[in-house]
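A look at the structure
Each chain is listed here by its residues.
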Amino acid sequence: MDSNLEGQNSEAERAKALKDFDDTKAGVKGLVDAGITTLPPIFVIPDDHEFKVPTVDLQNTNKSIVGEIREACKSWGFFKVINHGIPQDVMDEMIEGVRRFYEQEQEEKVQFYSRDNTRKVRYTSNFDLYRSKFASWRDTLMCHMAPNPPEHDQYPSVFCWNGRDILKDYSEQLNKLGDTLFRLISQALGLVPNHLIDMECAKGNVFYCHYYPTCPEPAKTLGHAKHTDPDFLTILLQDQKIGGLQVLHQNQWIDIPPEKGTLVINVGDLLQLISNDKFRSVEHRVLANPTPSPRISVGYFFTTNFEKSDKKYGPIKELLTPESPALYRETTIADYIESFANAALGGAALAKLRLPAMEAKQKD
Ligand code: OGA
Ligand code: NI
């Protein structure tokens, strides 16, 4: 949202300013003719309806964390976490590794460029290049981490740096955090803490390392078109300085500004499915980068989409009652991913699984 909202006056001042303006009988053209260079406060959109994505302090030992997460997953599908235990230097190193990957010689990185979605490490520009209405101003490197990771030498060597294996270090940290989050989210659904982990929601991990270079005409395109994530949960490390991420909340695009050290968590389609709509996978997007520096972000997806498993996921039985029957049919993750890739990005794939009998009920 626009942060340039200073200068909102008291009710009385505002009333007077409105009257003064009206009395000029010269309209806004009169203001321009008088040579104003800044916007008078009466024209500035007030920020009292501005929404903010909730922040959860994971070191807050009082019991309210579960309640906060429940509320955030229900109403936003997004929340930020602070005091999550991941050292700042590990996050910084990860961002720097991604920067090195993109900024190395073209001959070095071209070997990773591929649209073959069975490759566990590859980079591409726009997964949906041939399917979307417009292409987004972004490149993405994808690294599959678990289960069954590729051989170590398949990963770009730029992530091994100063004696450190950054992809491994950061993903180990994220797995610990993922474990904590899935326990909290299970409880937020009223289930035993290990329920989602026992369902293997945390079994698979994929990194999506995005590079959003300076865009020559940022108002004409997007960095990442609106979409939902086709996973259980995403942990997003945003560029620590450059913003652009927005989430759709009550029909408005709300900024999630960068905040050093903070991670952004969002509910994916598969969690919406198994929670039977208790938690929501919400559309989000990234504006094209207008700044002179590249914007770098790293999404960590919890999903096993590489495993051709017959394991099916549907609404969790413990959450169903006669008043709250299953809203979706079951699917394997591989089938879901295929349907997601064929649909326009965004909730369409999930909608296809919705049980027809329930549609009318949902619309009320
Ligand atoms: C994603 C995503 C946002 C960002 O990877 O699905 O929404 O800030 N990324 O790059
Ligand atoms: Ni996303």
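See above for the structure.
Attention in this report is confined to the structure presented alongside it.

What counts, and where the lines are drawn
- Residues numbered from 1 in each chain as written.
- Chains lettered and ligands numbered in written order.
- Predicted model: local features only at pLDDT ≥ 70, side-chain atom pairs only at ≥ 80, totals over all residues.
- Heavy atoms only, no water.
- Phe/Tyr/Trp six-rings, centres within 6.5 Å; stacked < 30°, edge-to-face > 60°.
- Helix = DSSP H or I, 4+ residues; strand = E, 2+ residues; numbered from the N terminus.
- Buried < 20%, exposed > 50% of the residue type's maximum accessible area, 1.4 Å probe, protein only.
- Lys NZ or Arg CZ within 6 Å of the ring centre and 35° of its normal.
- Polar contact = N/O pair within 3.5 Å; in protein donor to acceptor, adjacent residues only side chain to side chain.
- Contact = heavy atoms within 4.5 Å.
- Near = heavy atom within 4 Å.
- Areas by Shrake-Rupley, 256 points an atom, 1.4 Å probe, with all protein chains shown as cover.
- Pairing = 2+ DSSP bridges.
- Axes fitted to C-alpha atoms, helices over the stretch in contact; angles between N-to-C directions.
- Disulfide = S-S within 2.5 Å.

Observations regarding the packing of aromatic side chains
Applying the stated rule across the entire model yields 16 aromatic pairs. Taking the centre distance of 5.0 Å and the plane angle of 85° together, the rings of Tyr113 and Tyr123 count as edge-to-face. Pair noted here: Tyr113 is in the loop between helix H5 (106–109) and strand S3 (121–124) and Tyr123 is in strand S3, with a separation of ten residues, a long-range link. Tyr113 gets classed as partly exposed once you look at its relative accessible area, which sits at 35%. A relative accessible area of 6% places Tyr123 in the buried class. Pairing Phe127 with Tyr208 gives two aromatic rings, centres 5.7 Å apart and planes at 90°, and the pair type is edge-to-face. Placement of Phe127 in the loop between S3 and strand S4 (139–146) and of Tyr208 in strand S7 (residues 205–212) is noted, with a sequence separation of 81 residues between them. Members of the aromatic cluster, joined through ring pairs, are Phe101, Tyr102, Phe112, Tyr113, Tyr123 and Tyr211. A cation over an aromatic ring shows up here: Arg295 above the ring of Tyr212, its NZ or CZ 5.0 Å from the ring centre.

Topic: the side chain of Asn126
Considering the arrangement of structural elements, one finds Asn126 in the loop between S3 and S4. Side chain to side chain, Asn126 and Ser125 meet in a polar contact 3.2 Å long. Among all residues touching Asn126, those that are not within four sequence positions of it are Arg115, Ala135, Ser136 and Arg138.

Overview of the site of ligand 1
Taken together, the neighbourhood of ligand 1 is formed by His210, Tyr212, His224, His227, Asp229, Leu236, Leu245, His284, Val286, Arg295, Ser297 and Phe301. A distance of 2.7 Å is found between an oxygen atom of ligand 1 and a side-chain nitrogen or oxygen belonging to His210. Interatomic distance of 2.5 Å between a side-chain N/O atom of Ser297 and an oxygen atom of ligand 1. Here ligand 1, which alone exposes 290 Å², has 96% of that area covered by the protein. Contributions of two or more residues to the shell around ligand 1 are made by S7, strand S8 (222–227), strand S13 (284–287) and strand S14 (295–302). At three residues, the largest contribution of residues to the shell around ligand 1 is made by S14.

Comments concerning the environment of Val206
Looking at the secondary structure, you find Val206 in strand S7. Taking the relative accessible area as the measure of exposure, Val206 reaches 0% and is therefore buried. Along the sequence, Val206 and Met145 sit 61 residues apart, while their C-alpha atoms lie 5.5 Å from each other. Residues within four places of Val206 in sequence aside, it is in contact with Met142, Cys143, His144, Met145, Gly299, Tyr300, Phe301, Thr303 and Asn305.

Considering the sheet that holds strand S10 (residues 245–249)
In space, the four strands of this open sheet follow the order S8-S13-S10-S11, with antiparallel pairing throughout. Edge positions in the open sheet fall to S8 and strand S11 (252–255), since each of these has one partner strand only. For this sheet the average axis-to-axis angle between neighbouring strands, irrespective of direction, equals 30°. Direction of pairing for S10 relative to S11: antiparallel, over a ladder of four bridges. Looking across to S11, one finds that Gln246 is bridged to Asp255.

Quick word on the state of the cysteines
Counted by the stated rule, this structure contains zero disulfides. Here Cys201 is not cross-linked by a disulfide; its sulfur's nearest cysteine counterpart is in Cys73, at 13 Å. Looking at Cys201, the relative accessible area reads 1%, which means it is buried. Among the cysteines around Cys209, which has no disulfide bond, Cys143 carries the closest sulfur, lying 5.2 Å off. A residue is classified by how much of its surface remains accessible, and Cys209, at 0% relative accessible area, is buried.

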